[in-house]
Amino acid sequence: MKTINDFNFKDKKALVRVDFNVPQDDQLKVTDNTRIVAVKPTVEKILKDGGSVILMTHLGRPKGEVKDEFSLKHILGEVSSVLGQEVKFVDECIGEKAEKAASELKPGEILLLENVRFHNEEEKGDEGFAEQLSKLGDAYVNDAFGTAHRAHASTAVIAKFFNSTKFFGLLMAKELQAIDKVLKSGEKPITAILGGSKVSTKITIIENILPAVDNLIIGGGMAFTFIKALGGKIGNSLVEEDKIPLALEILGKAKEHKVKIYLPSDAIIAESFSNDVERKEADIYAIPEGWMGLDAGHKSRDQFNDVLLNSRTILWNGPIGVFEMSHFAGGTVALGDSIAEATRLGAFSLVGGGDSVAFVKQFGYADKVSYVSTGGGAMLESLEGLELPGVAAINN
């Protein structure tokens, strides 16, 4: 893996693709700077070498039009604050103005280009647009794992204009190493936890990870499709009727690969999808009509805890209850506690996927696990075994 650690950037201008697609409030102030903080080590390494940094990113979905609300000038202050120095800004990313700003950049300085998605050519992966961007730097660094699954001009196509000076940033390298640890080099036993609402969104992940893992915990709404496939009565719980044959197929494949599947044995149930309703605990195979499962029960939590404390590598993607409602967050909190304890005991734990990442941040588990992925879709495609365009562009 060619990373920035393999190169000295002295007197070089590094064109760094980052993912600063950050959330903002009504006043366009950044509300979560995690993605900016994540690329700080890459920027610092280049500057320490005596190089300069030209940052390029997208923000929102302007669909090829210049729209003030999506201008990067609104996040410039936050970027400067996080990186610890004044960051220069140019309100274009290609053309004379951008080229002039880049050429005037001195070693130790940082320049932020305007939103690359103000140009339709970015998302089309236009080679001419990529070539214009490439004129701005001496080396290309991709540190935008969150967009690595897109074959866009600035994330993949541009790399062809940097034959021997294209590298992974430190964030990108950490993301790829974390996924590799789960799928290829992880210490056994390896346990994957897949939650969330639908089996259909996780099929390819399950099929790809079965040869790599020892245990698979299936929770959340998707568990009910498996429970019904096994003859359970699930009341009004979420189910994908058309995926019942597939659930049985997955259970068969797991047996072939000698993977132990763990499904919840009990559930916290309610009569409607609401936080303020009567709830009780029930055997997950015998949920009464008119009731629905909204969280993993206490027996399930204990069983999952035993599996996790005996694991050396853990992948977590998806909650096992409706954690957004306080009365149905207990199962996911218990799972977080188990993973945190396993991590404390020396296991490697990787958390990825929008809802799981939202949970660990909201409930304070981010520093209790080994690694929290910054790239939702990119991580999922990696787990599905797909080669990401942004990764292939550096490797090839």
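Residues numbered from 1 in each chain as written. Predicted model: local features only at pLDDT ≥ 70, side-chain atom pairs only at ≥ 80, totals over all residues. Heavy atoms only, no water.

*Asks:* Tell me about the overall build of the protein, residues and numbers included.
*Replies:* The number of helices and strands found in the protein is 15 helices and 17 strands. Since a compact globule built from 396 residues should have a radius of gyration of about 21 Å, the 23 Å found for the protein is in line with a globular shape. Principal-axis analysis of the C-alpha atoms places the extent of the protein at approximately 70 × 45 × 40 Å. At a minimum sequence separation of 6, the contacts of the protein that also span at least 24 residues come to 74%. When the accessible surface of the protein is totalled, it reaches about 16,700 Å², and 47% of it is carbon and sulfur. (Helix = DSSP H or I, 4+ residues; strand = E, 2+ residues; numbered from the N terminus. Rg over C-alpha atoms; globule rule 2.2 N^0.38 Å. Contact = heavy atoms within 4.5 Å. Areas by Shrake-Rupley, 256 points an atom, 1.4 Å probe, with all protein chains shown as cover.)

*Asks:* Requested: an account of the domain arrangement of the protein, with residues and values cited.
*Replies:* Its domain assignment divides the protein into domain 1 (4-171) and domain 2 (186-384). Put simply, the middle of domain 1 and the middle of domain 2, counted by C-alpha atoms, are 36 Å apart. In this assembly, nine residues from domain 1 lie in contact with 10 residues from domain 2. Both sides of the domain 1 and domain 2 interface together cover about 700 Å² of buried area, and 59% of this is carbon and sulfur. The largest contributions to the domain 1 side of the interface with domain 2 come from Phe145, His149 and Leu171, which together make up 64% of the buried area. (Domains from an automatic or database assignment. Buried area = accessible area lost by both parts, 1.4 Å probe.)

*Asks:* Please set out the UniProt feature "binding site: (2R)-3-phosphoglycerate" (unreviewed entry) in the protein residue by residue, giving values where relevant.
*Replies:* In this numbering, the UniProt entry assigns the feature "binding site: (2R)-3-phosphoglycerate" (unreviewed entry) to Arg35, Arg117 and Arg150. Within the secondary structure, Arg35 sits in helix H1 (residues 34-38). A relative accessible area of 28% places Arg35 in the partly exposed class. Here the side chain of Arg35 touches Asn21 through a polar contact of 3.0 Å, landing on its backbone oxygen. Note on placement: Arg150 falls in the loop between strand S5 (139-142) and strand S6 (166-168). Owing to a relative accessible area of 38%, Arg150 belongs among the partly exposed residues under this scheme. (UniProt positions renumbered as here; feature names shortened; annotations may be inferred. Buried < 20%, exposed > 50% of the residue type's maximum accessible area, 1.4 Å probe, protein only. Polar contact = N/O pair within 3.5 Å; in protein donor to acceptor, adjacent residues only side chain to side chain.)

*Asks:* Describe the sheet that holds strand S3 (residues 88-90), listing the residues and the values that go with them.
*Replies:* The sheet built from six strands is open, its strands ordered S3-S4-S2-S1-S5-S6 with parallel pairing. In this open sheet, the two edge strands, each paired with only one partner strand, are S3 and S6. Shown here is a sheet whose adjacent strand axes are inclined to one another by a mean of 25°, direction ignored. Here five bridges tie strand S1 (residues 13-17) to strand S2 (residues 52-56), and the two strands are oriented parallel to one another. Following the sheet pairing, Val16 is matched in S2 by Leu55. (Pairing = 2+ DSSP bridges. Axes fitted to C-alpha atoms, helices over the stretch in contact; angles between N-to-C directions.)

*Asks:* Account for helix H6 (residues 127-134), with residues named and values stated.
*Replies:* When H6 is considered as a whole, its buried residues turn out to be Phe129, Ala130, Leu133 and Ser134. Around the axis of H6, the buried residues are gathered within 140° of arc, so they sit on the same side. Contacts made by the buried residues of H6 are with S1, S2 and helix H5 (120-124). Taking the backbone nitrogen of Gly128 as reference, a side-chain oxygen 3.0 Å away marks Asp126 as the first, capping residue of H6. (Arc of directions from axis to C-beta.)

*Asks:* How would you explain the packing of aromatic side chains if you had to name every residue and give the values?
*Replies:* Scanning the entire structure with this criterion turns up nine aromatic pairs. The interplanar angle of 70° and the centroid separation of 5.9 Å between the aromatic rings of Phe9 and Phe167 together place this pair among those described as edge-to-face. Taken together, the residues Phe9 in the segment before S1 and Phe167 in strand S6 connect sequence positions 158 residues apart. Side by side, Phe9 and Phe167 carry an identical accessibility label, which is buried. With a centroid separation of 6.1 Å and an interplanar angle of 75°, the aromatic rings of Phe323 and Phe363 are classed as edge-to-face. Separated by 40 residues along the polypeptide, Phe323 in the loop between strand S15 (313-317) and helix H12 (330-344) and Phe363 in the loop between helix H13 (354-362) and strand S17 (371-372) bring together distant segments of the chain. Look at Phe323 and you get buried, because its relative accessible area is 4%. For Phe363, a relative accessible area of 32% gives the class partly exposed. A cation over an aromatic ring shows up here: Lys280 above the ring of Trp291, its NZ or CZ 4.3 Å from the ring centre. (Phe/Tyr/Trp six-rings, centres within 6.5 Å; stacked < 30°, edge-to-face > 60°. Lys NZ or Arg CZ within 6 Å of the ring centre and 35° of its normal.)

*Asks:* Explain the sheet that holds strand S10 (residues 260-262) residue by residue, including any values.
*Replies:* Spatially, the six strands line up as an open sheet ordered S10-S8-S7-S15-S16-S17, and their pairing is parallel. In this open sheet, the two edge strands, each paired with only one partner strand, are S10 and S17. The pairing of strand S7 (residues 190-194) with S15 spans five bridges and is classified as parallel. Bridge assignment links Ile190 to a residue of S15, and that residue is Thr313. Against the sheet, helix H7 (residues 170-185) touches S7, S15, strand S16 (348-351) and S17, its axis set at about 115° to S16. Contacts from helix H11 (residues 298-309) reach S7, strand S8 (215-218), S10 and S15 within the one sheet, and its direction differs from that of S8 by about 150°.

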